[in-house]
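Here are the chains, one letter per residue:
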There are 2 protein chains.
Amino acid sequence: MISVMIVDDDPFVSGSLKIILDNEPDIEVKAVANSGEEAVKLAPQVAPDVIVMDIRMEGMNGTDAAQKILENGSKAAVLFLTTFLDDEYINKALKIGAMGYIIKQDCGSLPSSVRAVASGQAVFGGKVVEKLPDLLNRKERFDPSEFDITPKELEVIELVADGLSNKEIAEKMFLGEGTVRNMVSSILTKLDLRDRTQLACFYYQKMV
Amino acid sequence: MISVMIVDDDPFVSGSLKIILDNEPDIEVKAVANSGEEAVKLAPQVAPDVIVMDIRMEGMNGTDAAQKILENGSKAAVLFLTTFLDDEYINKALKIGAMGYIIKQDCGSLPSSVRAVASGQAVFGGKVVEKLPDLLNRKERFDPSEFDITPKELEVIELVADGLSNKEIAEKMFLGEGTVRNMVSSILTKLDLRDRTQLACFYYQKMV
DNA sequence: TTCTTAAAATGACATTTGTCATCTCCTAAA
DNA sequence: TTTAGGAGATGACAAATGTCATTTTAAGAA
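Since we're looking at a predicted model, the values are computed, not measured.

A.B. asks: Any details on empty space enclosed by the protein? Residues and values, ideally.
C.D. replies: Residues and elements named next belong to chain A. Considering all chains together, one arrives at two cavities of 30 Å³ or more under this definition. The calculated volume of the largest cavity comes to roughly 40 Å³. In this structure, the largest cavity is lined by L17, L81, I102, I103, K104, D106, C107 and L110. Grouping the amino acids of the lining of the largest cavity by side-chain chemistry returns six nonpolar, no polar and two charged.

Here it is, written out as structure tokens:
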């Protein structure tokens, strides 16, 4: 039997998660916390095998709470939930030793993810993995807002620096090829560069 | 019902895996391949949801086989098995879009891993995750003689990776523009790349 | 609702790029 | 000496790229 603690500041969400997980014969929700602080307090008493935790919460956020809990000696495997792709958190989640990072939307996969995490495997939402190499390598000594580079443009930059053609980028981002061309063009203007190769060089010299 | 194909060049291992997985009510082993080549051949007919594959095999290795299979349009989620921590393979596995990378030893977690992978989550053995940040940052050293890159070609590569156009490179090296074009073309062939941007990426990822 | 603005797409265009066949030198080996 | 081979060059060509003007679409503000 896998014992679970759920942490989410939205009672509706935590309630739903509890129902989903309690419905599984081999999973038991032992506690529900409505904030990071409460989770830190409950963890030692409950001693769950798995902690399912929202990463973005009012007050103490998910990663900080998890860090505290693990520092306090908990053996729990932490499985983070996120509504969308929070790039910024993945790094920290990995660093503190989280065992999972999945998208809230596909709750259908939650039980199997909990089991996998309980058995010592690490689980990531599919989309997260695709970005993993980029995310871990990025060192951010470049401030995109400085040149008002939009998030979408940043994505294009990373794909160009991965060697993709405009057509490939278009497919990956669900845009028209011409659009990508325009975006690249606009990026080049903003960064005062001439072509995509210079953009790739810029990326590796200034952004990685 | 999750359909699975098992790939391992050790019949004892593949047999054991089949027994373990067939024992699960919601998992069905549809095929067992004893080599990478066989897996590539079988994949289109079997069309499994998940491919459980040994990463280190005689003949075609796991990553190459998986790459081929995915290129052929298979929608399968690939779950790699490894006897211990094969650092070298993780990078490539991630790059080709593998959905799992776990340790053979803890077969107890295999069913739950298969389920998680089938539901679109990515799964990694616990120890793998700890090493992930290091692994992704490390770059394999590049040996120019390996690809018989001439010294002059090496110079061209560096200039391309500096963002220069063919014309600029030609001026700098006192060559014709066409010659530079041919040299770049030859370099691309040798390194199995498509265009100068990919060459620049290659340079920063493998050569600097 | 209408108006406004930003994002996305289109089409036309010049340029760059990558590939290939071919040609000219030049040099080293026979 | 002849010859084979490499480096460099040329021309032709298709494809990809970057730029620009313009249009369509979607979403918000009025």
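A.B. asks: Could you give an account of the protein's contact with DNA strand D, naming the residues involved and the relevant values?
C.D. replies: Neighbouring DNA strand D are 14 residues, the closest being R181, S185 and R196 of chain A together with G176 and T179 of chain B. What you see for DNA strand D is that sugar and phosphate hold 52% of its atoms within 4 Å of the protein. Elements that contribute at least two residues to the surface near DNA strand D include exactly α9 (177-191) of chain A together with α9 (177-191) of chain B. A total of four residues in the surface near DNA strand D trace back to one element, the largest contributor, which is α9 of chain A. In terms of residue class, the surface near DNA strand D is made up of two nonpolar, eight polar and four charged.

A.B. asks: Lay out the sheet that holds strand β3 (residues 50-54) of chain A in plain terms, naming residues and giving numbers.
C.D. replies: Spatially, β2(A)-β1(A)-β3(A)-β4(A)-β5(A)-β6(A)-β6(B)-β5(B)-β4(B)-β3(B)-β1(B)-β2(B) is the arrangement adopted by the 12 strands of the open sheet, whose pairing is mixed. At either end of the open sheet lies a strand with only one pairing partner, and these are β2 (27-33) of chain A together with β2 (27-33) of chain B. In this sheet, neighbouring strand axes are inclined to one another by 25 degrees on average, regardless of whether the strands run parallel or antiparallel. When strand β1 (residues 2-7) of chain A meets β2 of chain A, the two strands line up parallel, connected through six bridges. Residue pairing in the sheet places M5 of chain A in a bridge with A31 of chain A of β2 of chain A. Each of β1, β2, β3 and β4 (77-82) of chain A is contacted by helix α1 (residues 11-22) of chain A, which is oriented at about 165 degrees to β2 of chain A, the strand it contacts most.

A.B. asks: Can you break down the packing of aromatic side chains residue by residue, with the values?
C.D. replies: Taken as a whole, this structure holds four aromatic pairs over all chains when the rule is applied. Consider the rings of Y204 of chain A and Y204 of chain B, whose centres lie 5.4 Å apart with planes at 10 degrees: the pair is stacked. Pair noted here: Y204 of chain A is in helix α10 (residues 196-207) and Y204 of chain B is in helix α10 (residues 196-207), and the two residues belong to different chains. With relative accessibility at 11%, the residue Y204 of chain B sits in the buried group.

A.B. asks: Can you tell me about the side chain of R115 of chain A, naming the residues and giving the values?
C.D. replies: Position of R115 of chain A among the secondary structure elements: in helix α5 (residues 110-118). A polar atom in the side chain of R115 of chain A sits 2.7 Å from the side chain of D26 of chain A. With sequence-adjacent residues up to four places away left out, R115 of chain A is seen in contact with I2, E24, D26 and I27 of chain A together with S112 of chain B.

The rules behind each value
- Residues numbered from 1 in each chain as written.
- Chains lettered and ligands numbered in written order.
- Predicted model: local features only at pLDDT ≥ 70, side-chain atom pairs only at ≥ 80, totals over all residues.
- Heavy atoms only, no water.
- 1 Å grid on protein atoms, 1.4 Å probe; cavity = no way out; pocket = protein on both sides within 12 Å on 5 of 7 lines; lining within 4 Å.
- Points joined across faces, edges and corners; volume = space filled by probe spheres on them.
- Nonpolar A, V, L, I, M, F, W, Y, C, P; charged D, E, K, R; others polar.
- Near = heavy atom within 4 Å.
- Helix = DSSP H or I, 4+ residues; strand = E, 2+ residues; numbered from the N terminus.
- Pairing = 2+ DSSP bridges.
- Axes fitted to C-alpha atoms, helices over the stretch in contact; angles between N-to-C directions.
- Contact = heavy atoms within 4.5 Å.
- Phe/Tyr/Trp six-rings, centres within 6.5 Å; stacked < 30°, edge-to-face > 60°.
- Buried < 20%, exposed > 50% of the residue type's maximum accessible area, 1.4 Å probe, protein only.
- Polar contact = N/O pair within 3.5 Å; in protein donor to acceptor, adjacent residues only side chain to side chain.

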